[in-house]
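Below are the chains, spelled out letter by letter.
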Amino acid sequence: MQSKARITAIGSYVPAKRLTNADLEKLVKTNDEWIVKRTGIKERRIANDDEFTSDICVKAVENLITKYDKAINDVDMIIVCTLTPDFKTPSVASLVQAKLGIPHTGAIDLNAACAGFTYGLHIANGLITAGLNKKVLVIGAETLSKIVDYTDRTTCILFGDGGGAVLVEHHEQADSFLASHLGSEGEMGKHLYATNLSTKMSDEALSSSGKVVQNGRDVYKWAVNTVPKGMRSLLHHTSYTLNDIDWFIPHSANLRMIESICEKSPFPIDKTLHSLVYYGNTSAATIPLALDQGVDDGKIKKGDTMLLFGFGGGLAYSGILLKWSI
């Protein structure tokens with residue numbers, strides 16, 4: 001079906017507090033050279049104790065409004081992609097609706113972890129193209145620092161906080177959304193999780209701390225095989241090839257992982273955008289943060305073709321082929 005949805009604005013926000021590699025050296029046995037060599041991350045942003053995911057969402061949307069002079073009072077759906085909601089209920093999206101004073105809008109949270117933002121875009125495109133909604137806010141935001149174990153050097157060096165938002169609107173001649181590819185391998189979910197009501201998965205006992213637990217080696221192997229295959233599947237049913245892609249924007253999990261994905265694809269690393277060096281892994285927020293930075297830096301131009309690919313907890317993945325329309 002021909003898409004009738006177009007991205008018309010983008011904004012982002014990160015907390016002011018920085019957590020550098022030097023700061024982490026005081027918390028766990030690690031050092032800057034070790035972290036940079038293995039992840040590419042130099043620092044990450046950390047939310048204040050009284051700053052939560054809904055606050056980050058609101059500030060990202062306010063940034064969008066300021067940059068593009070957009071009205072949001074007629075938004076008829078809010079989709080917040082996050083694994084770190086303020087509460088089990090109400091949803092972050094409902095809190096965003098209240099804080100921004102948007103009347104008569106649907107509000108849902110979506111948890112596909114690091115694939116959340118691309119899943120959110122897929123759903124927004126479907127809702128608008130089907131004629132069910134006209135104007136959708138898609139927000140990817142996290143406060144991962146609140147669920148990170150700062151005694152575990154394998155995870156605490158990775159994660160940070162931040163958020164990004166896009167406005168997706170109905171347009172009869174839209175050409176933003178070109179193709180999508182989604183999937184999940186739930187049987188591997190035990191390799192990346194944070195417990196909640198259950199502390200077992202497939203009858204296997206899990207760490208019940210509620211903090212992020214990751215089997216980095218297995219997640220790495222899965223990602224560097226799954227993402228290149230997903231990129232090929234995404235393009236298979238289109239007339240596009242990798243040579244037609246102006247920018248590849250994968251989930252910013254780890255720079256070494258991105259380099260391996262590019263090598264296996266193959267896709268040039270110099271045409272790949274990420275947000276991890278100064279923001280770390282912000283899960284559902286990494287792709288919108290990289291997108292917004294690419295726009296602000298003058299790299300992304302109207303008409304550019306981009307391949308976005310989220311992957312992570314679930315283990316879920318989602319790719320979107322976009323024509324940038326701003």
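> Help me understand the overall build of the protein chain, please; the structure alone is not making it clear to me.
Each helix and strand in the protein chain was counted, giving 10 helices and 15 strands. Computed over its C-alpha atoms, the radius of gyration of the protein chain comes to 18 Å, within 12% of the 20 Å expected for a compact globule of 326 residues. Structurally, the protein chain occupies a C-alpha span of about 55 × 45 × 40 Å along its principal axes. Pairs at least 24 apart in sequence give 76% of the contacts found in the protein chain among residues at least 6 apart. Charged side chains of the protein chain number 34 positive and 36 negative; the gap between the two group centres comes to 3 Å.

> Which parts of the structure should I look at to understand the sheet that holds strand S6 (residues 135-143)?
Spatial strand order, S1-S7-S6-S4-S5: 5 strands in an open sheet with mixed pairing. Each having just a single partner strand, strand S1 (5-13) and strand S5 (106-110) make up the two edges of the open sheet. This sheet shows a mean twist of 15 degrees between the axes of neighbouring strands, independent of strand direction. Examined bridge by bridge, S1 and strand S7 (residues 161-170) share 8 bridges and lie antiparallel to one another. From the neighbouring strand, Ile7 faces S7, where its bridge partner is Val168. Here helix H3 (residues 53-68) sits on the sheet in contact with S1, strand S4 (77-81), S6 and S7, set at roughly 115 degrees to S1. Across the sheet, helix H4 (residues 92-100) is in contact with S4, S5 and S6; its angle to S4 comes to roughly 130 degrees.

> Got a minute to help me understand the side chain of Asn254 in this structure?
Residue position: Asn254 is located in the loop between strand S13 (247-250) and helix H8 (255-264). Asn254 gets classed as buried once you look at its relative accessible area, which sits at 12%. Within polar-contact distance, the side chain of Asn254 engages the backbone nitrogen of Arg256 at 2.7 Å. Leave out the neighbours within four places in its chain, and Asn254 touches Arg38, Thr39 and Leu276.

Rules used throughout
- Residues numbered from 1 in each chain as written.
- Predicted model: local features only at pLDDT ≥ 70, side-chain atom pairs only at ≥ 80, totals over all residues.
- Heavy atoms only, no water.
- Helix = DSSP H or I, 4+ residues; strand = E, 2+ residues; numbered from the N terminus.
- Rg over C-alpha atoms; globule rule 2.2 N^0.38 Å.
- Contact = heavy atoms within 4.5 Å.
- Lys, Arg positive; Asp, Glu negative; His and termini not counted.
- Charge placed at Lys NZ, Arg CZ, Asp CG, Glu CD.
- Pairing = 2+ DSSP bridges.
- Axes fitted to C-alpha atoms, helices over the stretch in contact; angles between N-to-C directions.
- Buried < 20%, exposed > 50% of the residue type's maximum accessible area, 1.4 Å probe, protein only.
- Polar contact = N/O pair within 3.5 Å; in protein donor to acceptor, adjacent residues only side chain to side chain.

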